[in-house]
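Structural overview for review
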There are 2 protein chains.
Amino acid sequence: MSIFEKAREHAVISSASSALGWDQETYMPDAAATHRAAQLSWLSSRAHELATSDAWKKDLEDAEAANTGTDAKLTANLRELRREFDRATKLPVELVARESEATSLGMHAWAEARKNNDFASFAPHLSKLVALAREKAELWGYENEPYDALLDGYERATSTAAVASLFDDLRPQLSSIAAKAVEISKAKAVPLPAGPYSIEGQMNLNRQVAEAVGFDFSAGRIDTTTHPFCTTLGPSDVRLTTRYNLEDFTSSLFGVLHEAGHGLYEQGIPGEDFGLPSGSSVSLGIHESQSRLWENHVGRSDAFWNQWYPVAQEIFPQLASYPLESFLNHVRRAEFSPIRVEADEATYDLHIILRFGLERRLVRGELEVKDVPAAWNASFEELFGFVPPDDRHGCLQDIHWSMGGLGYFSTYSLGNLNAAQLFAAARKNPEIAAATDRADYAPLLKWLRDSVHVFGATLDPADLMKQATGKAPSPEDYLAHLTQRYLA
Amino acid sequence: MSIFEKAREHAVISSASSALGWDQETYMPDAAATHRAAQLSWLSSRAHELATSDAWKKDLEDAEAANTGTDAKLTANLRELRREFDRATKLPVELVARESEATSLGMHAWAEARKNNDFASFAPHLSKLVALAREKAELWGYENEPYDALLDGYERATSTAAVASLFDDLRPQLSSIAAKAVEISKAKAVPLPAGPYSIEGQMNLNRQVAEAVGFDFSAGRIDTTTHPFCTTLGPSDVRLTTRYNLEDFTSSLFGVLHEAGHGLYEQGIPGEDFGLPSGSSVSLGIHESQSRLWENHVGRSDAFWNQWYPVAQEIFPQLASYPLESFLNHVRRAEFSPIRVEADEATYDLHIILRFGLERRLVRGELEVKDVPAAWNASFEELFGFVPPDDRHGCLQDIHWSMGGLGYFSTYSLGNLNAAQLFAAARKNPEIAAATDRADYAPLLKWLRDSVHVFGATLDPADLMKQATGKAPSPEDYLAHLTQRYLA
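Residues numbered from 1 in each chain as written. Chains lettered and ligands numbered in written order. Predicted model: local features only at pLDDT ≥ 70, side-chain atom pairs only at ≥ 80, totals over all residues. Heavy atoms only, no water.

The next point concerns the pairing of strand S2 (residues 230-234) of chain B. Residues and elements named next belong to chain B. S2 sits mainly inside the fold: four of its five residues count as buried. In the sheet, S2 pairs with strand S3 (residues 237-242) via four bridges, with the strands oriented antiparallel. Within S3, the residue paired with cysteine 230 across the bridge is leucine 240. Where S2 folds back onto S3 in an antiparallel hairpin, the turn is made up of two residues. (Buried < 20%, exposed > 50% of the residue type's maximum accessible area, 1.4 Å probe, protein only. Helix = DSSP H or I, 4+ residues; strand = E, 2+ residues; numbered from the N terminus. Pairing = 2+ DSSP bridges.)

As a further point, take the side chain of histidine 258 of chain B. Residues and elements named next belong to chain B. Examined against the element boundaries, histidine 258 turns out to sit in helix H10 (residues 249-268). Relative accessible area serves as the criterion here: at 13%, histidine 258 is assigned to the buried category. Within polar-contact distance, the side chain of histidine 258 engages the side chain of serine 291 at 3.3 Å. Leaving out residues up to four positions away in the same chain, histidine 258 has contacts with Glu288, Ser291, Arg292 and Glu295. (Polar contact = N/O pair within 3.5 Å; in protein donor to acceptor, adjacent residues only side chain to side chain. Contact = heavy atoms within 4.5 Å.)

On to H10 of chain B, then. Residues three or four positions apart in an α-helix share a direction because the helix packs 3.6 residues into each turn. Here H10 of chain B spans 28 Å end to end across 20 residues, near enough to the 28 Å set by a 1.5 Å rise per residue. For H10 of chain B, the buried fraction is high: 19 of the 20 residues fall into the buried class. (Expected span 1.5 Å × (residues − 1).)

Glancing now at the interface of chain B and chain A. On the side of chain A, 34 residues touch chain B, which itself brings 34 residues to the contact. Here chain B and chain A share an interface that buries about 2,500 Å² over both sides, 66% of which is from carbon and sulfur atoms. Counting the surface chain B buries against chain A, the share from its top three residues, Tyr27, His35 and Trp42 of chain B, is 25%. Summed over the shared surface of chain B and chain A, the result is four salt bridges. Residues aspartate 23 of chain B and arginine 239 of chain A are paired through a salt bridge, measuring 2.8 Å at the closest nitrogen-oxygen approach. Across the contact surface, chain B and chain A share 16 residue pairs in polar contact (both at pLDDT 80 or more). Elements with a contribution of two residues or more to the side of chain B that touches chain A: helix H1 (3-26), helix H2 (33-51), strand S1 (220-224), S2 and S3 of chain B. (Buried area = accessible area lost by both parts, 1.4 Å probe. Salt bridge = Lys/Arg side-chain N within 4 Å of Asp/Glu carboxyl O.)

Here we take up the environment of valine 12 of chain B. Within the element layout of this structure, valine 12 of chain B appears in helix H1. Separated by 221 residues in the primary sequence, valine 12 of chain B and leucine 233 of chain B place their C-alpha atoms 9.0 Å from one another.

Strand order across the open sheet formed by three strands is S1-S3-S2 (chain A), with mixed pairing between neighbours. Single-partner strands in this sheet number two, and they are strand S1 (220-224) and strand S2 (230-234) of chain A. Averaged over all pairs of adjacent strands, the angle between their axes in this sheet comes to 25°, without regard to strand direction. Packed onto the sheet, helix H10 (residues 249-268) of chain A meets S1, S2 and strand S3 (237-242) of chain A and runs at close to 165° relative to S3 of chain A. Packing against the sheet, H2 of chain B makes contact with S2 and S3 of chain A, and its axis sits at approximately 70° to S2 of chain A. (Axes fitted to C-alpha atoms, helices over the stretch in contact; angles between N-to-C directions.)

This paragraph deals with the side chain of glutamate 295 of chain B. Residue and element names in this part refer to chain B. Structurally, the position occupied by glutamate 295 is in helix H11 (residues 284-298). Overall, the relative accessible area of 10% leaves glutamate 295 in the buried class. Only 3.3 Å separates the side chain of glutamate 295 from the side chain of arginine 300, close enough to count as a polar contact. Not counting residues up to four positions away in its chain, the partners in contact with glutamate 295 are Phe254, Leu257, His258 and Arg300.

Residue and element names in this part refer to chain A. Applying the stated criterion across every chain, the model contains 80 salt bridges over all chains. Between lysine 136 and glutamate 99 there is a salt bridge; the shortest N-O distance is 2.6 Å. Of this pair, lysine 136 sits in helix H6 (residues 119-140) while glutamate 99 sits in helix H5 (residues 93-116); the two residues are 37 residues apart in sequence, bridging distant segments of the chain. As far as burial versus exposure is concerned, lysine 136 and glutamate 99 are alike and both buried.

Right, dumping it as structure tokens:
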């Protein structure tokens, strides 16, 4: 078996895990949890064994030695397989086991701590997880600071300094836009007519919209879960989930558009390369750019609702006398919330800037875990002008740290910046702009397929952005978009 | 790892396959089929490798050598693991591969042949499959005739001669009951009021009924598929499926009762022994006894509908003026159909007797494949009094032979006999009889748990029946039941 056959076998195993994971979130009966954990653990052990085996190493070395460098895709695939192999094998088994235990205990402790608003009970776990993150960073290696190595796991070939610089450029204007947006939004708000918005009606509208943006239901589906997600079970098997709020159908609809954005990316990656880097998504920041593009740039636009509001009105009779303008204000409302997952487009990135700053200081050892609540609140007040009512609405709100996911948060904002930059670049093509303005999204999707999806993980995210848009990632288009949307 | 740990690991792998198989039938998008096949093939290769490995053999031998015979369950587990190991390893890999190809081609050819009513195009495949069955039988070994070895794969420790003798006892009286039942049924029939019977209503009734017979929804569920089935994804994860006929809700309801019968058995097998013979079902004939007991003995009884018909009438308003007596005649109607899967309780076993006789002659070499259609029709006429209109309604109707499943059919009738014998034995307890007569099924289920389910596969089916009912399997109770139901 060549390294490519091995990589495909690895993907078969991992995708079986994805299938079982999907079932666990959607349909699995409660009592089945213990056995499901045993199935998933068996599969992930087999995948790990394979991808860190001597045979894998030898096949990879043989392929590297035989590579003449003339085939760019082959070269990229080998480079990325090498990167993954090195990351996977640089951590000793005992550290992986220690981390697995620490995150398992950490997630449990976090859930309790959040429930009881008791940061002190979570603090020893967080200390251990930060220490583990630093230990991993040392083993992985980095150029400037340990946080680089953590970030690299989510957004490869991206430095902490580059992200910090993007956020420094973003922050002053973003703060000013957000403050004005919240004020204007409050003045214009007319509440959405009361529900219930029937689940059947929401499912109907969601499906029509997902089809209209190009999601292929012969190779995918939508189910219901507590927390929406998109997961790939195979090269032609992409599953989205959503949830339903009887009082506001737009919550489910934007959830579907967001997840469909992820799903369109997955459906656009070359299926024949499934399991190889050229058949995989490249990074979280690019993945999130696709979800945000469809959710916000498409889904919250005038053109979109000119087309879809009459359909929604037909499905939900209570919208009959609620004007389109009020509806548009509703879906573009801005307000300061202490909770990230409830934040709107105008205020979301302030939450990320806060987390990125604290994480970086934690990993650098400039901030002690015991001081996190105070640092959180101080930073929050600086960014939002008020202090969260308690740690449940502050430093205990997110699950990421308890899972050992330090280095993850910034990819949400990178996604927002990338989305704006890609959408602006696509619209420079007059045909795409015209079609998008009449809610015909086929040309836009084709451009994304050709400019982003088709490359899989063969280009580094920043290079992919540069090739697709003609410039390095920058906050320029994003700020222009927010200004246009919220202050025009 | 001991042999028991290995057996549990094997069950983890197989149950992952079951989970993917369930998804394939319920929710998987069409385009995902190719990749799903790759996942399933990878899993089944790993399971096969493990269960036929030298390490498995050595661990089994070590455990056998260490066994003092004082622990009956341990001894039974080792005996059954040995039986499975020998069956799995007696076939050379090249034969397994040849069979896999022959069944894959055979199923395809069968589907085409049935569609085109063209037995000749399927005949060469069937010849190959019969030859393979005989080849396997020779390798597995048998006492009296090759068919024994095939039957043993579905109903262990049961001889062809014993089944033939049961069927010889059954047949004359069954023919006479069936003929009268069809005549009486025709005279009494008042058609069920026209549909539509809403799917929502059917789902509601199905779920209430499944709960009432004791199916545990915290460890199971019901979904929708083209062909109803029951599958076990883990010790606390049993999934039933059904389909909906808008013109007759009883079709789905009896399907659910049938599958719930299988599911109650699976839920009653000791979960802590999952993967060991003591934590597995024993045979198809015992499994089918559980489904038939709940479907026919419980579900088609007066007591059941005294309780549930008012509920059905509330859910489906069109039943309001349809009397209970007509409804009971409807759910117990008998008629001669050429198609086995459409057959009712009074006529079903005639279809099985026909198939068992032909299969046995095919495997003995007493019947040539080219003569199957003529032999089928002659036997059918003898049993039913008419000839099927064509081979699609005759020897091409069932998928079993094309899958290489020779030896399977008789277990359906063994299930019917066992169901009647178990139900009669349970009702000898006056408390169970009284509770069952008021549609309270907890005592009956407890009896089945204690008399059948708890033993897993530690007893041979005939011994299990003898221990549970005090007598060897016999058609006596079944014939008494049919007489009472159809001729009283």
